[in-house]
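# Coordinates in review
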Amino acid sequence: FYPLLGQHRMVAMPPRELGKLAESESIDAGIMATADYLRLEDRYEPIGNLGVANREEVRSILLFSRRTMKELGGAQVGVTEETSTSVRLLRLLLEARNGVRPREYARGVREDADAFLVIGDEALRRGRAHCDGFIHRFDLAAQWWAWKNLPFVFALWVVRRTLPEENKQQFAELLERSFDTGMKQIDETAARHAGDLGTAKELAGYLRNFRYRLGPDEWHGLDEFRRLIQQRDLLEPI
């Protein structure tokens, strides 16, 4: 998104906070967590078929657990404060796929829980280290792929429906240029962030592992996620 800088007022924030701003219609466009988009489809629409999706593993959406997923019935599961979509995916994997219901999903709890979910940079850091007592590590995208054999869409670029069509078109064109530029700069981006998140080579592989252009399989995966969370009434904020 770096080429967007200077063209628009950029506001950086975790996915869950962006969803709150979108709900109050305080933003015009953004890369919105899938769960928030599904709640706000009447106000925001996809733009450019661009997003963040994965087939098989994602590496940065991880559940660390003292027990297997099938053994987490009645457990306390900690959930990072940042997540909007991954917590719903976790609930589907535990409750719908494995048939277990934890005692609670506790925001902000980590090592004091029976299992805990982390995303993003924290997940990348923890994925490189040993976590005492948590002998199981589950990649949620890999778990979804094993269950549904479909990509998982974690986020998608959206724009407010009420914006003038001319503005939408201008933003779509700028987003495409940003995407093309960003894909050419993956090695440089990885080198800039190398360190406790991983080596430059590891991070470049991580970034190339995403599918940023959403095709038919990605939209099918999103539709299946929509169906399941609507079926289990998981659309409301968690």
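See the structure shown above.
Below is a short write-up of the structure. Keep in mind it's a predicted model, so treat the numbers as computed, not measured.

A few words now on the nonpolar core. Across soluble globular proteins, you tend to see nonpolar side chains buried next to one another. One finds Met32, Leu63, Leu89, Leu140 and Phe225 to be the most contacted residues of the largest nonpolar core, which totals 64 residues. In terms of residue count, the dominant contributor to this core is strand S8 (residues 152-160) (eight residues). Excluding its chain neighbours within four sequence positions, the residues that come into contact with Leu63 are Met69, Leu72, Val77, Leu90, Ala115, Phe116, Leu117, His136, Arg137, Phe138 and Leu140. Phe64, Ala123, Cys131 and Phe134 belong to the second-largest nonpolar core, a separate cluster that totals seven residues.

As a further point, take helix H8 (residues 200-208). Inspection of H8 places Leu203, Ala204 and Tyr206 among the buried residues, and these make up the whole buried set. Seen from one end, H8 has its buried residues packed into an arc of 160°, which puts them on one side. Here the buried face of H8 lies against helix H4 (120-127) and helix H7 (186-193).

Let us now look at the sheet that holds strand S2 (residues 44-54). Read across the sheet, four strands follow the order S1-S8-S2-S9 without closing on themselves; strand pairing throughout is antiparallel. The open sheet is flanked by strand S1 (29-33) and strand S9 (211-213), the only strands paired with a single partner. The average angle at which neighbouring strand axes cross in this sheet is 25°, direction not considered. In this structure, S1 lies alongside S8, joined through five bridges in antiparallel fashion. Considered in S8, the bridge of Gly30 is made with Val158.

Turning next to the packing of helix H3 (residues 86-97) against helix H5 (residues 140-148). Helix packing geometry: the angle between the two helix axes and the distance between the axes. It is the contact of H3 with H5, at a shortest axis distance of 10 Å, that shows an interaxial angle of 45°. As far as their axial angle goes, H5 and H3 are oblique. Remark: the crossing between H3 and H5 carries left-handed chirality. Residues Ser86, Leu89, Leu90, Leu92, Leu93, Ala96 and Arg97 of H3 touch H5, and the partners they reach there are Leu140, Gln143, Trp144, Ala146 and Trp147. Of the residues contributing to the contact of H3 with H5, the split by class is nine nonpolar, two polar and one charged.

If you walk through the whole model with that rule in mind, you get 11 aromatic pairs. Between Phe116 and Phe134 the ring centres are 5.0 Å apart and the planes differ by 80°, which places this aromatic pair in the edge-to-face class. Linking Phe116 in strand S6 (residues 115-119) with Phe134 in the loop between H4 and strand S7 (136-139), this pair joins segments that are 18 residues apart in sequence. Here Phe116 matches Phe134 in class, with each residue buried. One aromatic cluster is present, built from ring pairs that chain together Trp144, Trp147, Phe152, Phe154 and Phe225. A cation over a ring is seen here: Lys148 above Trp147, with NZ or CZ 4.5 Å from the ring centre.

Reading guide: rules and limits
- Residues numbered from 1 in each chain as written.
- Predicted model: local features only at pLDDT ≥ 70, side-chain atom pairs only at ≥ 80, totals over all residues.
- Heavy atoms only, no water.
- Core = buried A, V, L, I, M, F, W, Y, C linked by side-chain atoms within 4.5 Å.
- Buried < 20%, exposed > 50% of the residue type's maximum accessible area, 1.4 Å probe, protein only.
- Helix = DSSP H or I, 4+ residues; strand = E, 2+ residues; numbered from the N terminus.
- Contact = heavy atoms within 4.5 Å.
- Arc of directions from axis to C-beta.
- Pairing = 2+ DSSP bridges.
- Axes fitted to C-alpha atoms, helices over the stretch in contact; angles between N-to-C directions.
- Parallel < 35°, antiparallel > 145°, perpendicular 65-115°, else oblique.
- Left-handed = near helix turned anticlockwise from the far one by under 90°.
- Nonpolar A, V, L, I, M, F, W, Y, C, P; charged D, E, K, R; others polar.
- Phe/Tyr/Trp six-rings, centres within 6.5 Å; stacked < 30°, edge-to-face > 60°.
- Lys NZ or Arg CZ within 6 Å of the ring centre and 35° of its normal.

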